[in-house]
Amino acid sequence: MCVPTYDERENVEPLVRALGEVLDVSRDRVLVIDDGSPDGTGEIADRLAEELPWLDVLHRARKEGIGRAYLAGFDRALETDAQLVLEMDCDFSHDPADVPRLIAVCEDGADVALGSRWVDGGGTENWGFGRRLISRGGSLYARLVLGVSVRDLTGGFKCFRRTVLETIDRDAIAARGYGFQIEGTYRALRAGFRVVEVPITFVDRRVGESKMSGAIVLEAMRQVPVLRWKALRGRL
Ligand SMILES: Nc1nc2c(ncn2[C@@H]2O[C@H](COP(=O)(O)OP(=O)(O)OP(=O)(O)O)[C@@H](O)[C@H]2O)c(=O)[nH]1
Ligand SMILES: [Mg+2]
């Protein structure tokens, strides 16, 4: 389980401990990927790792966006014999209790299990109209431009079979911000993998600050037609 963190001082310990409750820690591992958080998240994670043998921490020097953090985390995960590689946010928007459902869907034959707000049974809690609009609108826009049927393309709560990450050209993923989520799922679909949406309720973060910004939304919006163009030209 890869968990990127940037200034998640209040969240990192409760989240890691909650994962310990739902994973089989005799076999599964958690990797925190911290981009030198100024608030000391990385040190908290290190201290936890001394106590918890199933926890690893990857420190990166600078904040380079969620995409770069995940790519570094995936590389690390693939160095192990992990058969499934998962990703989730460290702010309790993604409920640790949903992790076993994602794993079960991949064990049942899906190549990617995608926690989805925008299928029957899924949704959001405590999100204002603006955030819902960005998320739904962004997913709709990406779905139409890319011509795929996945409904929550911007979602970042996922379980990948390791072959998916080994097959797609991960290092070619251009997006640094949330476009990374769209691009990862799209590349998996293009490579012929089966993506299954699993309904989740996404809860707005309780503590800490959002790293979402206009620049991140714009990057994702620009990236989508570029992706389609590359795919049409057979370069994806
Ligand atoms: N390592 C690393 N983690 C990041 C970076 N940017 C965001 N994150 C983490 O990625 C996860 C998602 O970021 P959030 O700030 O929650 O962004 P979001 O979920 O789109 O926005 P909110 O809904 O407002 O929470 C969190 O665990 C962040 O700490 C980054 O540049 N590097
Ligand atoms: Mg969040």
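Everything discussed here concerns the structure shown above.
Bear in mind that the values here come from a model prediction, so they are computed numbers and not experimental data. (Residues numbered from 1 in each chain as written. Chains lettered and ligands numbered in written order. Predicted model: local features only at pLDDT ≥ 70, side-chain atom pairs only at ≥ 80, totals over all residues. Heavy atoms only, no water.)

### Some points on the overall build of the chain
Rules: The secondary structure listing takes helices from DSSP runs of H or I that are at least 4 residues long and strands from runs of E that are at least 2 residues long, numbered from the N terminus. This radius of gyration counts C-alpha atoms alone. The globule rule is 2.2 Å times how many residues there are, raised to the power 0.38. Here's how the labels work: a residue is buried when its accessible area is under 20% of the maximum for its type, exposed when over 50%, partly exposed in between, all with a 1.4 Å probe on protein chains only.
The number of helices and strands found in the chain is eight helices and nine strands. Relative to the 2.2 N^0.38 estimate, which gives 18 Å for 236 residues, the radius of gyration of the chain is 17 Å and therefore close to what a compact globule would have. A principal-axis box enclosing the C-alpha atoms of the chain has dimensions of 50 × 40 × 35 Å. Taking all 236 residues of the chain together, 50% fall into the buried category.

### Some points on the environment of Pro96
As a reminder, the rule being used: Note on contacts: a residue pair qualifies if any of its non-hydrogen atoms lie within 4.5 Å across the two residues.
Structurally, the position occupied by Pro96 is in the loop between strand 4 (84-87) and helix 4 (99-107). Pro96 gets classed as buried once you look at its relative accessible area, which sits at 5%. Setting aside residues no more than four positions away along its own chain, Pro96 makes contact with Leu15, Ala18, Leu19, Val22 and Met88.

### Considerations on the site of ligand 1
Defined as follows: Throughout, the term near means that a residue has one or more heavy atoms lying within 4 Å of the molecule or strand in question. Pairs of N or O atoms are called polar contacts if they sit within 3.5 Å, as long as, within protein, a hydrogen donor faces a hydrogen acceptor (for residues adjacent in sequence, only side-chain-to-side-chain pairs). A 1.4 Å probe that fits but cannot get out identifies a cavity on a 1 Å grid over protein atoms alone, an open set with protein on both sides within 12 Å along at least five of seven lines counts as a pocket, and a residue lines either if it has an atom within 4 Å of a point. For a cavity or pocket, the test is whether more than half of a molecule's atoms lie within 2 Å of its grid points; if they do, the molecule sits there. We call Asp, Glu, Lys and Arg charged. Ala, Val, Leu, Ile, Met, Phe, Trp, Tyr, Cys and Pro are nonpolar, and the rest, Gly among them, are polar.
Near ligand 1 lie 20 residues; those nearest to it are Glu8, Asp91, Arg205, Ser210 and Lys211. In this structure, an oxygen atom belonging to ligand 1 sits 2.6 Å away from a side-chain N or O atom of Glu8. Between ligand 1 and Cys90, the relevant distance is 2.8 Å, taken from an oxygen atom to a main-chain nitrogen or oxygen of the residue. In this structure, ligand 1 is accommodated by the largest pocket. Sorting the residues of the shell around ligand 1 by element identifies strand 1 (2-5) and helix 3 (66-79) as the ones contributing at least two each. Considering only residue class, the shell around ligand 1 consists of nine nonpolar, three polar and eight charged.

### Quick notes on empty space enclosed by the protein
Over the atoms a probe the size of a water molecule is rolled, and this reveals where empty space is left. The cut-off we apply is this: Grid points are joined across faces, edges and corners, and a volume is the space filled by probe spheres set on the points.
As enumerated under the stated definition, the model contains one cavity of 30 Å³ or more in all. The calculated volume of the largest cavity comes to roughly 40 Å³. Taken together, Leu71, Phe74, Phe160, Leu165, Ile168, Arg170, Ile173, Phe180 and Gly184 form the lining of the largest cavity. The set of elements that each furnish at least two residues to the lining of the largest cavity consists of helix 3 and helix 7 (179-190). When its residues are assigned to classes, the lining of the largest cavity shows seven nonpolar, one polar and one charged.

### Focus on the side chain of Thr41
Within the secondary structure layout, Thr41 lies in helix 2 (residues 41-51). The residues touching Thr41, leaving out its near neighbours within four places in the chain, are Thr5, Asp7, Glu8, Arg9, Val12 and Asp34.

### Here's the deal with the environment of Leu189
Of note, Leu189 is situated in helix 7. For Leu189, a relative accessible area of 25% gives the class partly exposed. Separated by 89 residues in the primary sequence, Leu189 and Pro100 have C-alpha atoms spaced 23 Å apart. With residues up to four places along the chain from it excluded, the contact list for Leu189 reads Val148, Val150 and Val195.

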